[in-house]
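Commentary on secondary and tertiary structure
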Amino acid sequence: MKHYLQFSDFTADEYDYLLSRAALIKKKFKGYEKHHTLVDRTMAMIFEKASTRTRVSFEAGMYQLGGSVVHLTTGDSQLGRAEPIEDSARVISRMTDLVMIRTFGQDKIERFAEYSRVPVINGLTNEFHPCQILADIFTFIEHRGSIKGKVVAWVGDGNNMANTWLQAADLLGFKVHLSTPGGYEVDEQLAFNGKPVNPGCYEVFKDPLEACKGADLVTTDVWTSMGYEAENEARKKAFADWCVDAEMMAAARTDALFMHCLPAHRGEEVEAEVIDGPQSVVWDEAENRMHVQKALMEYLLIGRQPG
């Protein structure tokens, strides 16, 4: 049994399979061809953070695979009444085949996984967002081919997305140009789990414009993630120069793509002309959450399948 709690949980070979499998599953979806590989399987979705894309993509995806979903929040379960995580894991995993959790601290999902009898998927934590980066890489491949050897410019907060991009770069052989305001840098020890850092997988830039030079992909996230709302005004001041605009996109390669995990605040972390412009693939990126997660759920439950 495997869990998917951060991007580094899988090997490059496993990602090769998942990405090719996602392409097949998406092709079938677009052709209205049934793909019911998880009939009679049930997934529990646990939300301690609000969600649009995560809920819709996992729920619709599981139904499309022939399975069913149980939706839980802290407001309608014992999770909100201080039941120990270990007890919740023991019970929920006896009644379902798969669990997806969207929560705050990574420690919560790791504790749940330790006591779970079924695979656990990280739908988002403060530290990592592996399903989103999996979708982003799949989207890049759809539009530009292999991401190996390419440059991804990350402009903004050194958050869960940045951490996960670094893990992906280290594993899949591309490079991240990191540019964050002072005080909001990526924590190397956290991103790489205390393991030796591959210096070739990323480079830090004080100037976000410099980070975008020669990039094949420019990507960002909101300045204030969920759980950090009290810092919003301070963050707006600190991040003022980290808004992805037309000048930054012009510094990237002429065929560079723009991505954003959404929701977006136009005029803050990205200008409207960029996110709504011809280089933006954010809507493909959002849809692809569902396709890669279908491949992921299938892999965790029934392993590799023939083409």
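Residues numbered from 1 in each chain as written. Predicted model: local features only at pLDDT ≥ 70, side-chain atom pairs only at ≥ 80, totals over all residues. Heavy atoms only, no water.

Our next topic: the overall build of the protein chain. If you tally the helices and strands in the protein chain, you get twelve helices and nine strands. Against the globule reference of 19 Å for 307 residues, the protein chain gives a C-alpha radius of gyration of 19 Å, in line with a compact fold. Overall, the protein chain is about 50 × 45 × 35 Å in size when its C-alpha atoms are taken along their principal axes. Counting all 307 residues of the protein chain, 54% fall into the buried class. Total accessible area on the protein chain is roughly 13000 Å²; 50% of this is exposed by carbon and sulfur atoms. (Helix = DSSP H or I, 4+ residues; strand = E, 2+ residues; numbered from the N terminus. Rg over C-alpha atoms; globule rule 2.2 N^0.38 Å. Buried < 20%, exposed > 50% of the residue type's maximum accessible area, 1.4 Å probe, protein only. Areas by Shrake-Rupley, 256 points an atom, 1.4 Å probe, with all protein chains shown as cover.)

Summed over all chains, the structure comprises ten aromatic pairs. Considering the side-chain rings of Tyr-4 and Phe-10, the 4.7 Å spacing of their centres and the 35 degrees angle between planes classify their relative orientation as tilted. A relative accessible area of 0% means that Tyr-4 is categorised as buried. Seen in terms of ring centroids, Trp-165 and Phe-174 are 5.8 Å apart; in terms of plane orientation they differ by 85 degrees. Their pairing is edge-to-face. Look at Trp-165 and you get buried, because its relative accessible area is 0%. An aromatic cluster of at least three residues, connected via ring pairs, comprises Tyr-4, Phe-7, Phe-10, Tyr-15, Tyr-17 and Tyr-299. (Phe/Tyr/Trp six-rings, centres within 6.5 Å; stacked < 30°, edge-to-face > 60°.)

Let's shift gears to the pattern of salt bridges. Following the criterion strictly, the structure yields 18 salt bridges and no others. Among the salt bridges present, the one from Lys-2 reaches Glu-14, with a minimum N-O distance of 3.6 Å. In this pair, Lys-2 is assigned in the segment before helix H1 (12–30) and Glu-14 in helix H1, connecting sequence segments twelve residues apart. For Lys-2, a relative accessible area of 33% gives the class partly exposed. Judged by its relative accessible area of 7%, Glu-14 falls in the buried class. For Lys-175, the salt bridge is made with Glu-203, and the minimal N-O distance between the two is 3.3 Å. In this pair, Lys-175 sits in strand E6 (residues 175–179) while Glu-203 sits in strand E7 (residues 202–204), placing the two residues 28 residues apart along the sequence. Overall, Lys-175 belongs to the partly exposed group, its relative accessible area being 25%. Judged by relative accessible area, which is 34%, Glu-203 ranks as partly exposed. Taken together, the salt bridges that share partners define one network made up of Arg-144, Asp-216, Arg-253 and Asp-255. (Salt bridge = Lys/Arg side-chain N within 4 Å of Asp/Glu carboxyl O.)

Here we take up the nonpolar core. Residues Tyr-4, Ile-121, Ile-137, Trp-165 and Phe-174 are the most contacted members of the largest nonpolar core, which totals 57 residues. The next biggest cluster of nonpolar side chains, apart from the first, holds 23 residues, and it includes Tyr-184, Trp-242, Val-244 and Val-282. (Core = buried A, V, L, I, M, F, W, Y, C linked by side-chain atoms within 4.5 Å.)

The next point concerns helix H3 (residues 85–95). Of all the positions in H3, only Ile-85, Glu-86, Ser-88, Ala-89, Ile-92 and Ser-93 are classed as buried. For H3, the angular spread of buried residues about the axis comes to 155 degrees, placing them on one side. Along H3, the residues that are exposed and aim more than 90 degrees away from the buried face are Arg-94 and Met-95. Among the structural elements, strand E1 (42–47), strand E2 (68–73), strand E3 (98–102) and helix H4 (106–115) are those in contact with the buried residues of H3. (Arc of directions from axis to C-beta. Contact = heavy atoms within 4.5 Å.)

Right, let's get into the packing of H1 against helix H5 (residues 130–144). Closest axis-to-axis distance for the H1/H5 pair is 11 Å, and the angle between their directions is 70 degrees. On the basis of the axis angle, H1 is roughly perpendicular to H5. Between H1 and H5 lies a crossing of right-handed hand. Between H1 and H5, the contacting residues are Tyr-15, Leu-19, Ala-22, Ala-23 and Lys-26 on the first element and Leu-134, Ile-137, Phe-138, Ile-141 and Glu-142 on the second. Residue composition of the contact of H1 with H5, by class: eight nonpolar, no polar and two charged. (Axes fitted to C-alpha atoms, helices over the stretch in contact; angles between N-to-C directions. Parallel < 35°, antiparallel > 145°, perpendicular 65-115°, else oblique. Left-handed = near helix turned anticlockwise from the far one by under 90°. Nonpolar A, V, L, I, M, F, W, Y, C, P; charged D, E, K, R; others polar.)

Right, let's get into the packing of H1 against helix H12 (residues 282–302). Taken N-terminus to C-terminus, the directions of H1 and H12 make an angle of 120 degrees; their axes are 8 Å apart at the nearest point. Taken together, the axes of H1 and H12 are oblique relative to one another. Here the hand of the crossing between H1 and H12 comes out right-handed. Contacts from Glu-14, Tyr-17, Leu-18, Arg-21, Ala-22, Ile-25, Lys-26, Phe-29 and Lys-30 of H1 reach H12 at Glu-287, Asn-288, Met-290, His-291, Val-292, Lys-294, Ala-295, Leu-296, Glu-298 and Tyr-299. Looking at the contact of H1 with H12 residue by residue, the classes come out as ten nonpolar, two polar and seven charged.

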